[in-house]
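What the coordinates show
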Amino acid sequence: GAVVSQHPSWVICKSGTSVKIECRSLDFQATTMFWYRQFPKQSLMLMATSNEGSKATYEQGVEKDKFLINHASLTLSTLTVTSAHPEDSSFYICSARDDQGTIYFGEGSWLTVV
Amino acid sequence: KQEVTQIPAALSVPEGENLVLNCSFTDSAIYNLQWFRQDPGKGLTSLLLIQSSQREQTSGRLNASLDKSSGRSTLYIAASQPGDSATYLCAVPQAAGNKLTFGGGTRVLVKP
């Protein structure tokens, strides 16, 4: 079946640095990918919609200059958390939509900012 | 704006009991509704997807019903097992594309 891979699964970074998370569709092309974040014991909140070859569409309240999303190819979208702070520590999950409209989720990436 | 609510937030049952998880949504004009399972610290596993034209979907011990008019979906898990312990999330896509709005989830603990 279709697989979406996220990398890294776990990352610890120092406050003030930037960290990049990759989301890859391994066996299908995804013109659209979605990025979610999840705080402990809370549900997933959509951050942005990433469209291949165009700028991402951010949800209200999400800082686009802080959470940089790049969807440079049909199989890869990246989320870069710039100047990370401890409050950015969270679980980030991506999903990708195939040409049939089916959505597949990645395994998620844990970010801890110290 | 679509809002999705799941009740109860947490549920603990002895092994063998049937589980009933509820999901309600405010905007009945949905394309489909999806149930997911999330294990602690892990991503999401899709369990069942019900199209808007369907009233229920079944997969093994899982059965999900959908009542669009009342804005409700129920996930039934028969003969629960300790391995069913997880958080169960329901989600509906927003009008534009497949951006999903998630409920708060129900944390299930099945005691052996």
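Residues numbered from 1 in each chain as written. Chains lettered and ligands numbered in written order. Predicted model: local features only at pLDDT ≥ 70, side-chain atom pairs only at ≥ 80, totals over all residues. Heavy atoms only, no water.

**Topic: the overall build of chain B**
Definition in use: For the purposes of this entry, the term helix denotes a DSSP run of H or I that reaches at least four residues, the term strand denotes a run of E that reaches at least two, and both are numbered from the N terminus. In this setup the radius of gyration rests on C-alpha atoms only. A globule is expected at 2.2 Å times the number of residues raised to 0.38. Each residue is assigned to one of three classes by its accessible area relative to the maximum for its type, calculated with a 1.4 Å probe on protein chains only: buried under 20%, partly exposed between the two thresholds, exposed over 50%. In what follows, residue pairs with any heavy atoms lying within 4.5 Å of each other are defined as contacts. His is not counted, nor are the chain ends; Lys and Arg add positive charge and Asp and Glu add negative charge. Where a charge sits is defined by one atom per residue type, namely NZ (Lys), CZ (Arg), CG (Asp) or CD (Glu).
For chain B, the count of helices and strands is zero helices and eleven strands. Starting at the N terminus and ending at the C terminus, chain B contains elements arranged as β-β-β-β-β-β-β-β-β-β-β. A compact globule built from 112 residues would reach a C-alpha radius of gyration of about 13 Å, and chain B, at 13 Å, matches this within 12%. C-alpha extents for chain B along the principal axes are approximately 45 × 30 × 20 Å. Counting only residues that meet the buried cut, chain B has 44% of its 112 residues in that class. In chain B, the proportion of contacts linking residues at least 24 apart, taken out of those at least 6 apart, comes to 53%. Looking at charge distribution, chain B has the averaged site of its 10 positive side-chain charges lying 5 Å from that of its 8 negative ones.

**Examining the interface of chain A and chain B**
Rules: Criterion for a salt bridge: a side-chain nitrogen of Lys or Arg within 4 Å of a carboxyl oxygen of Asp or Glu. Whenever two N or O atoms come within 3.5 Å, that pair is a polar contact, provided that in protein one can donate a hydrogen and the other can accept it, and provided that, for residues adjacent in sequence, both atoms are side-chain atoms. In the scheme used here, Gly and all other residues not listed as nonpolar or charged are polar, with Ala, Val, Leu, Ile, Met, Phe, Trp, Tyr, Cys and Pro taken as nonpolar and Asp, Glu, Lys and Arg as charged.
Counting residues at the interface gives 17 residues for chain A, matched by 15 residues for chain B. Taken together, chain A and chain B are joined by zero salt bridges. Between chain A and chain B we count five residue pairs in polar contact (both at pLDDT 80 or more) in total. Secondary structure elements with two or more residues in the side of chain A that touches chain B: β4 (32-38), β5 (45-51), β9 (90-97) and β10 (103-105) of chain A. Residues that form the side of chain A that touches chain B fall into these classes: nine nonpolar, five polar and three charged.

**Observations regarding the state of the cysteines**
This is how the line gets drawn: A pair of sulfur atoms, both from cysteines and within 2.5 Å, is called a disulfide here.
The full count for this structure, using the stated rule, is two disulfides over all chains. Put simply, Cys23 of chain A and Cys94 of chain A are joined by a disulfide, and their sulfur atoms are 1.9 Å apart. Handedness here is read from the sign of the S-S torsion; for Cys23 of chain A and Cys94 of chain A, about 80°, the answer is right-handed. Here Cys94 of chain A lies in strand β9 and Cys23 of chain A lies in strand β3 (residues 19-25), a separation of 71 residues in the sequence. Each of the two residues, Cys23 of chain A as well as Cys94 of chain A, counts as buried. Across the disulfide, Cys23 of chain B is cross-linked to Cys90 of chain B (sulfur-sulfur distance 2.0 Å).

**Quick look at the sheet that holds strand β3 (residues 19-25) of chain B**
Residue and element names in this part refer to chain B. Quick note on the threshold: At least two DSSP bridges between two strands are required for those strands to pair. Angles run from 0 to 180 degrees between N-to-C directions of axes, and those axes are lines fitted to C-alpha atoms, restricted for helices to the stretch in contact.
The antiparallel open sheet is built from five strands, whose spatial order is β1-β3-β8-β7-β6. Whereas interior strands pair on both sides, the edge strands pair on one side only; in this sheet they are β1 (4-7) and β6 (56-59). Each strand of the sheet is rotated relative to its neighbour by a mean of 15°, with strand direction disregarded. Where β1 meets β3, four bridges bridge the pair, whose relative direction is antiparallel. What sits directly across from Gln6, in β3, is Cys23.

**A short note on the packing of aromatic side chains**
Convention followed: Put simply, two rings from Phe, Tyr or Trp (the six-membered ring, in Trp's case) pair if the centres are within 6.5 Å, and we call them stacked under 30 degrees between planes, edge-to-face over 60, tilted for the rest.
What the rule picks out here adds up to nine aromatic pairs over all chains. With a centroid separation of 5.3 Å and 50° between ring planes, the pair formed by Phe28 of chain A and Tyr104 of chain A is classed as tilted. In this pair, Phe28 of chain A is assigned in the loop between β3 and β4 and Tyr104 of chain A in strand β10, connecting sequence segments 76 residues apart. Under the relative-accessibility criterion, Phe28 of chain A is labelled buried at 12%. An aromatic cluster of three or more residues is present, and its members are Tyr36 and Phe105 of chain A together with Phe36 and Phe102 of chain B.

In short, the description is geometric, and any link to function would need to be established separately.
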